[in-house]
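Per-entry structural report
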Amino acid sequence: MNESDLAALVITLKLATVTTLILLLLGTPLAWWLARSRWRFKFLLEAVVALPLVLPPTVLGFYLLVTLGPRGPVGGFIEWLGGQPPVFTFTGLVIGSVLYSMPFVVQPLQGAFAAIGQRPLEVAATLRASPLDRFFTIVVPLARPGFLTATVLGFAHTVGEFGVVLMIGGNIPGQTQVLSIAIYDHVEALEYAHAHWLSGGLLAAAFLMLLTVYALNRRFPVGSYDN
Amino acid sequence: MTIEAQFRIEREDFVLDVALEIPARGVTAVFGPSGCGKTTLLRAIAGLESCRDGFLRVDHALWQQGAYCMPPHKRPLGYVFQEASLFPHLNVQRNLEYGVKRVPAAQRRVSMERAIELLGIGPLLRHRADQLSGGERQRVAIARALAVSPRLLLMDEPLAALDLTRKKEIMPYLESLHDELDIPVIYVSHSPDEVARLADNLVLLETGQVKASGLIGEMLTRLDLPLAHGEDAEALIEAVVAGHDEQFDLTLLEFSGGRFTVTRHDLPIGHPVRVRVTARDVSLTLERQSGTSILNIFPAIIDAITPVGSAQMMVRLMAGDVPLLARVTRKSAAVLDLKPGKQLYAQAKSVAVLS
C-alpha cells in the first residue's frame, strides 16, 4: 500500500464516519416523523428519501456539482457570502454522501420505529414519562436492532460509493480521493496487485461488518411486543 | 369527591358523547356491549385520545377544559391495558421501577413493595416479560400501575384477554385491591360477573352515550334498564357476617331485610360480604311458608313489575331498603294478584357469596 492509498483509506474512513454520524442525527428524527405522521402527502417525502436507491449515482453527483458549484444557486450564494463553494472538497463529499446514503439509514430506522407501535409509548406516558423521556427509554432500546442496521449500512454504503464522490469530489489524491476510486485508478494503470489488496481489504471489511450486525441482532433480540 | 367528565369524540363510524359524574371512591364499572365506546371513554380520561372539546375534573384537579388538556404523563393516574403490555426490554422489577422512579418521593403513597405483595409477584421480579404466563403478566401490569400511587386507577378489561383459569387466578387480587386500597377505580368491562364482583357504581354505556349511572345494587334492579331483563338478571346485597352455626356448618349474613343462611365461610363476625341473588332463584309466596327446605325467606313489598317476554314477569321487591328481583310466570303473577305495594314473602332457593 503506497502513500496515496493510505491517504485514500484515511479519507474513506473519515468520510464514512462523519456521514454516518450526521445521518444518525438527521435520520432519526426524520425516520421517527415518517413512522408516526399521518400526513396525507407523507409518501412524497418517502419517495424523495428513497430516490438514491434507484438513481444512478452519477446523476445525483452531476446535479450536486451543478448546484454546489460556483455558478450554481447554492455554490454561488456561498461565494457571494465570501465562502468557498464545497465542490471538490471534503465538505462536498460529505454532502453528497449524506444524500446518497440517506435511505440506508432512514429506512431501517423507520421500519424499527413503526414496529414498536403506539402501545409501549402510551404505557410509558401513563407511567409519567414525558415524550422525550419515552423516546430515549422506550423507543431507542426497542429499536436497537434498527439503529445497528442503519449504522452499519450507512457506513458500509458510504465506503462503497463511487459515482457521487467522483463527480462532486473530483478525485484529488490526498483530498477527495477515496478507496473505491483509488482501486479504479490502479486498474486503469494496470496495477492489479494494488487493486487486489484494496479490493480484498474492502470485501473483508464489508463482510465483517454485516456479520457483526446479523450476529448481534440474533444474540440480543428485543422481544416482540405482543403478549 | 367526584369525577366529572364530559367528552365528545367523533370517529368515522361512531360518536362518543358523554357527560357523567361519578363518585371518586370505590370501583365504578363502565359496562356495555363491544363497540359502545367504553375504551374510548377510558382513553379520553387518561388523555390518550386527542379530544378538542371536553371537560374533566378529578376531585379538585382540572385535567381538561376547553383548549387546555393536561398531557397524559402529567395526570396522576394508573392505567391497566387489556393486554399486559409489559416493556419487553425490561425485567419485571424494572418494569415496576419505570413508573416508580418518575413519581416524586413526596407523592408516593403505595410503595413498590406493597404493590408487589398485593399482586403476589415477588417470585417473578427477575423474570423477563416473555417468561411469564398471561395471568402473571397482567398481575405485573396491575402492580406497575399501582406503584405510581395513582389518584385514579383506570382498568380496561384487564381480564378479557385471559382464559377462565387465569381470570380466576387474578380475581382475588382485584377484590383485595378494592378492599385494601383507597384508590378510585374506573373499570371497563363487558362481563356481568366481573361487574357483580367488583363494582360499587355502574355506568351503563350504549352506542357512545351514557344510558344510566348509579349505585350497582340500584342499577341492576332497575326495571327500566336492560340489565334487569336478561336471563341472568340478579340483585346484589351488601351484608355482614352475623355469626356461624357450628352444628350445621353454616354462616349467617345480616342485611336490612333479614338474614341469609349460607354454607359456612370462614370470615370473622362483622366482615362485609356481597351476596348475589339471581332473579330466577327467587319465588314469591303470599304467606310465610313452613315445611320448606328453603332457608332464605324474607318479607318484602313489591316495588314494580314489568313483563319479560310473553310468559314471564320481572318483579322488583324491597326487602328492608334493599331491592331484590324475582322472575315469575305471568300466570303466577295473575293468580297471586301481584301489583306494586303488595306485601309478600320472597324465597331465595340459592344465594352466592361473592367475596
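Nothing here was measured: the structure is a model prediction, and the numbers come from that model. The residue count restarts for each chain, going from 1 along the sequence in the order it is written. Lettering for chains starts from A, numbering for ligands starts from 1, and both go in the order in which the items are written. Local features in this predicted model are restricted to residues whose pLDDT is 70 or higher, and side-chain atom pairs enter the listing and the counts only when it is 80 or higher, whereas totals over whole chains, interfaces and linings include all residues.

1. Observations concerning the overall build of chain B
For the purposes of this entry, the term helix denotes a DSSP run of H or I that reaches at least four residues, the term strand denotes a run of E that reaches at least two, and both are numbered from the N terminus. In terms of regular secondary structure, chain B is built from eight helices and 21 strands. Each principal axis of the C-alpha atoms in chain B carries an extent, and together these give about 65 × 50 × 35 Å. Residues with at least 20 other C-beta atoms within 10 Å of their own are called buried, those with 12 or fewer are called exposed, and the rest are partly exposed. The C-beta atoms themselves are positioned from the backbone. Each of the 355 residues in chain B was classed as buried or not, and the buried ones make up 41%. Contacts are defined on C-beta atoms placed from the backbone: any two residues whose C-beta positions lie within 7 Å are in contact. Across chain B, every contact between residues at least 6 apart in sequence was considered, and the portion connecting residues at least 24 apart equals 66%.

2. Some words on the overall build of chain A
Within chain A one finds eleven helices and zero strands. Starting at the N terminus, the α and β elements of chain A follow one another as α-α-α-α-α-α-α-α-α-α-α. When its C-alpha atoms are laid out on the principal axes, chain A stretches across 65 × 45 × 30 Å. For chain A, long-range pairs separated by at least 24 residues make up 74% of all intrachain contacts whose partners lie at least 6 apart in sequence.

3. A few points about the interface of chain B and chain A
Of the residues lining the interface, 24 residues belong to chain B; the matching set on chain A comes to 18 residues. Elements with a minimum of two residues in the side of chain B that touches chain A: β7 (77-80), α2 (92-100) and α4 (134-146) of chain B. Element by element, the count of residues in the side of chain B that touches chain A is highest for β7(B), at three residues. By residue class, the composition of the side of chain B that touches chain A is 14 nonpolar, six polar and four charged. Three residue categories are used. Nonpolar comprises Ala, Val, Leu, Ile, Met, Phe, Trp, Tyr, Cys and Pro, charged comprises Asp, Glu, Lys and Arg, and polar comprises the others, including Gly.

4. Some thoughts on the pairing of strand β18 (residues 312-319) of chain B
Residues and elements named next belong to chain B. Alignment of strand β17 (residues 296-308) against β18, held across seven bridges, turns out to be antiparallel. Directly across from A304, in β18, lies its bridge partner R316. Hairpin connection, β17 to β18: the antiparallel pair is bridged by three residues, and G309 has positive phi, about 70°. Here, any two strands with at least 2 DSSP bridges between them count as paired. Taken together, the eight bridges between β18 and strand β19 (residues 322-329) define a ladder with antiparallel strand orientation. Looking across to β19, one finds that M314 is bridged to R327. Taking the residues between adjacent antiparallel strands as the criterion, β18 and β19 are bridged by two residues, where G320 takes a positive phi near 65°.

5. A word on the pairing of strand β12 (residues 234-245) of chain B
In regular strands, side chains alternate between the two faces of the sheet. Residues and elements named next belong to chain B. Examined bridge by bridge, β12 and strand β15 (residues 272-278) share seven bridges and lie antiparallel to one another. Paired with E234 across the strands is T278, a residue of β15. Sheet topology note: the β12/strand β13 (residues 250-255) ladder contains five bridges and is antiparallel. By the bridge assignment for β13, D245 is matched with L250. The turn joining β12 and β13, which pair antiparallel and follow one another in sequence, is formed by four residues; a positive phi near 60° is taken by D249.

6. Looking at the nonpolar core
Throughout this description, the term nonpolar core refers to a group of buried Ala, Val, Leu, Ile, Met, Phe, Trp, Tyr and Cys residues whose C-beta atoms join them within 7 Å. In terms of nonpolar packing, the biggest core is built from 155 residues, with A143(B), L154(B), L324(B), A326(B) and A346(B) touching the most fellow members. For this core, the element with the highest residue contribution is helix α5 (residues 90-116) of chain A, accounting for eleven residues. Each residue touching A326(B), except ones within four places of it in the same chain, is listed here: A279(B), V282(B), S283(B), L284(B), V315(B), L317(B) and A346(B).

7. Some remarks on the confidence of the model for chain A
Residue and element names in this part refer to chain A. The quantity known as pLDDT measures the predictor's confidence residue by residue, on a range of 0 to 100. Residues of chain A with pLDDT of at least 70 account for 96%, and the chain-wide mean is 90. Averaged pLDDT values for the elements of chain A fall to 88 in helix α11 (residues 192-219) and rise to 96 in helix α6 (residues 119-126). This model gives residues 223-227 a pLDDT under 50, and the stretch forms 14 contacts once residues within four places in sequence are excluded.

8. Focus on the sheet that holds β19(B)
Residues and elements named next belong to chain B. The antiparallel open sheet is built from five strands, whose spatial order is β16-β20-β17-β18-β19. In the strand order of this sheet, the two ends are held by β16 (282-285) and β19, each with one partner. For this sheet, the mean angle separating the axes of adjacent strands, direction not counted, is 45°. In this sheet, strand β20 (residues 343-348) lies alongside β17 in antiparallel orientation, the contact comprising six bridges. Along β20, the bridge assignment pairs F298 with A346. Between N-to-C directions, angles span 0 to 180 degrees; the directions come from axes that are lines fitted to C-alpha atoms, helices contributing only their stretch in contact.

9. Quick look at the environment of A160(B)
Within the secondary structure, A160(B) sits in the loop between β8 (152-156) and α5 (164-180). Between the alpha carbons of A160(B) and E231(B) there is a distance of 22 Å; along the sequence they are 71 residues apart.

10. Regarding the packing of helix α3 (residues 57-68) of chain A against α5(A)
Residues and elements named next belong to chain A. Their axes nearest at 11 Å, the elements α3 and α5 cross at an angle of 135°. Viewed along their axes, α3 and α5 adopt a mutual orientation that is oblique. The handedness of the crossing between α3 and α5 comes out as right-handed. Taking contact as the criterion, the partners of P57, L60, G61, L64 and L68 in α3 are, on α5, G92, I95, G96, L99 and Y100. Taken together, the residues of the contact of α3 with α5 break down into seven nonpolar, three polar and no charged. Angle categories: roughly parallel below 35 degrees, roughly antiparallel above 145, roughly perpendicular from 65 to 115, and oblique for all the rest. Should the near helix be turned counterclockwise from the far one by less than a right angle, the crossing is left-handed, whereas a clockwise turn marks it as right-handed.

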